[in-house]
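Each chain, written out:
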Amino acid sequence: MTASWTNPLGLFDVSGKVALITGASGAFGAVAARALAGAGCKLVLAAGNESALQAVVADCEALGAEVASLSIRPSDEAACDQLVGLAVERFGSLDVLVVASGMNKVAKIDTLTPADFENVMNANVTQSWLLARAAARQMKTQSDGGKIVLVSSARGLLGHPAGYTAYCASKAAVDGITKALGCELGEDNITVNAIAPTVFRSPLTAWMFEDNEKAKGFRDGFLARVPKGRLGEPEDLIGPLLFLASRASDFYTGHILYADGGYTAG
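Residues numbered from 1 in each chain as written. Predicted model: local features only at pLDDT ≥ 70, side-chain atom pairs only at ≥ 80, totals over all residues. Heavy atoms only, no water.

### Re the nonpolar core
Put simply, the test is: Residue types Ala, Val, Leu, Ile, Met, Phe, Trp, Tyr and Cys, when buried and joined through side-chain atoms within 4.5 Å, form a set referred to as a nonpolar core. Burial classes follow relative accessibility: with a 1.4 Å probe on protein chains only, a residue under 20% of its type's maximum area counts as buried, one over 50% as exposed, and anything between as partly exposed. Only DSSP runs of H or I covering at least 4 residues are called helices, and only runs of E covering at least 2 are called strands; the numbering of each starts at the N terminus. Every residue pair with non-hydrogen atoms within 4.5 Å of one another is taken to be in contact.
Membership of the largest hydrophobic core comes to 33 residues, with the highest contact counts inside it found for Leu97 and Ile148. Counting residues per element, the ones that place at least two in this core are strand E1 (18–22), strand E2 (42–46), helix H4 (77–91), strand E4 (96–99), helix H5 (114–139), strand E5 (146–151), helix H6 (165–185) and strand E6 (190–197). What Leu97 contacts, discounting residues up to four positions off in sequence, is Leu20, Leu131, Ala132, Ala135, Met139, Lys147, Ile148 and Val149. With 31 residues, the next largest nonpolar core counts Phe28, Leu45, Leu241 and Ala245 among its residues.

So this is what it looks like as structure tokens:
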């Protein structure tokens, strides 16, 4: 009888693994950092906002995690190599990459500037590719490969009338990278998957959860399309992350996992 039968929860054990999280001070990045800290990972955290980053570092250390941090954005090849190098220098390997950095610019197409469009594509697409490239190079040298988790969105599958051409295009491209790299890196024992949330509670969306007419109007319209009948909470992202970061997902690659309460199913 295998350990998978006698201790199936062991498949989700990531204790001692080394995880690099970019965008660690953002909504999903902070959730990912705290969740993996609580699960026993060693962490390398990166974000452009130094003070916000150090607040997340302090939380993770309070949870018992060993943490290295660097206040940079993955804006070019050198920065991505530096982050992977820090993981290897400090902890000896890189087992999990979580790309939670990115941006959005909401504007209708007649007012969205080409520069803003390119900035969104660079932050969400090019930087995801650069990080995956740097991580894969290191993971290929490791006998047990690694896990790459990108962050997509329900908007990678669905459009939006409010002026999301850049964001929707960028997340559809992230989906394409996920699938292509899932195919390409499978033989190297590296899985590549993406978590694609819809609206979940964060500092940017806090108004949507408030008890006022504007928030209620938004919720009534949005939740009519969400089978679970509620908006997302940060805890809703932890289970999918642990699955994709652990041995439990060893046979899963190239997948987009929608954390959306069924929003994209209807």
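Still to come is the rest of the account.
### Notes on H6
Put simply, the test is: Between the first and last residue of a helix there are one fewer steps than residues, each counted as 1.5 Å, and that sum is the expected span.
An ideal rise of 1.5 Å per residue puts 30 Å on 21 residues; H6 measures up with 30 Å between its terminal C-alpha atoms. Residues of H6 that are buried: Ala166, Tyr167, Cys168, Ser170, Lys171, Val174, Asp175, Ile177, Thr178, Leu181, Gly182 and Leu185. On its buried face, H6 sits against H5, E5, E6 and strand E7 (256–259).

### Regarding the environment of Glu210
Which entries qualify depends on this criterion: Polar contact is defined as a pair of N or O atoms within 3.5 Å, subject to the rule that within protein one atom must be able to donate a hydrogen and the other to accept it, and that residues adjacent in sequence are counted only when both atoms are side-chain atoms.
Tracing the backbone shows Glu210 in the loop between E6 and helix H7 (213–223). According to the relative accessible area criterion, Glu210 is partly exposed, its value standing at 38%. Each C-alpha atom of the pair Glu210 and Arg247 lies 39 Å from the other, and the pair is 37 residues apart in sequence. A polar atom in the side chain of Glu210 sits 2.9 Å from the side chain of Asn212.

### Structural notes on the pattern of salt bridges
How we decide: The term salt bridge refers to a side-chain nitrogen of Lys or Arg lying within 4 Å of a carboxyl oxygen of Asp or Glu.
Overall, the coordinates contain eight salt bridges when judged by the stated rule. One salt bridge connects Lys17 with Asp144, and the closest N-O pair in it is separated by 3.9 Å. With Lys17 in the loop between helix H1 (3–6) and E1 and Asp144 in the loop between H5 and E5, the pair connects residues that are 127 residues apart, well separated along the chain. Note on Asp144: relative accessible area 41%, which makes it partly exposed.

### Re the pairing of E1
For clarity, the cut-off: For two strands to pair, DSSP has to find at least two bridges joining them. A right-handed crossover is one whose linking path, passing over the helix from the first strand to the second, runs clockwise when the strands point away from the viewer.
When you tally the buried positions in E1, you get five out of five residues, the bulk of the element. Burial of the side chains of E1 extends over both faces: Val18, Leu20 and Thr22 are buried on one face and Ala19 and Ile21 on the other. Bridge count for E1 against E2 is five bridges, and the pairing is parallel. Bridge pairing in E2 places Ala19 opposite Leu43. The parallel pair E1 and E2 is bridged by helix H2 (residues 27–38), and the resulting crossover is right-handed. Note that E1 and E4 share four bridges and pair parallel. Following the sheet pairing, Leu20 is matched in E4 by Leu97.

### What about the sheet that holds strand E3 (residues 67–70)?
The test is simple: For helices, the fitted axis covers only the stretch in contact; all axes are lines through C-alpha atoms, and the angles between them, taken along N-to-C directions, range from 0 to 180 degrees.
Strand order in the open sheet formed by seven strands is E3-E2-E1-E4-E5-E6-E7, and the pairing between neighbours is parallel. Lying at the two open borders of the sheet, with one neighbouring strand each, are E3 and E7. Between one strand axis and the next, the sheet turns through 15° on average, direction left out of account. In this sheet, E5 lies alongside E4 in parallel orientation, the contact comprising four bridges. Of the residues in E5, the one forming a bridge with Val99 is Leu150. Against the sheet, H2 contacts E1, E2, E4, E5 and E6, and its axis sits at roughly 165° relative to E1. Sitting on the sheet, H5 touches E1, E4, E5 and E6, and the angle it makes with E4 is about 175°.

### Quick look at H7
Here is the rule we go by: Regarding the arc, it is the one traced by the directions from the helix axis to the C-beta atoms.
Restricting attention to buried positions, one finds in H7 the residues Ala215, Arg219 and Phe222. Across the axial projection of H7, the buried residues extend over an arc of 75°, all falling on one side. What points out from H7, more than 90 degrees from its buried face, is the exposed set Glu213, Lys214 and Asp220. Near the N-terminus of H7, the side chain that reaches the backbone nitrogen of Lys214, with its oxygen 3.3 Å away, is that of Asn212.

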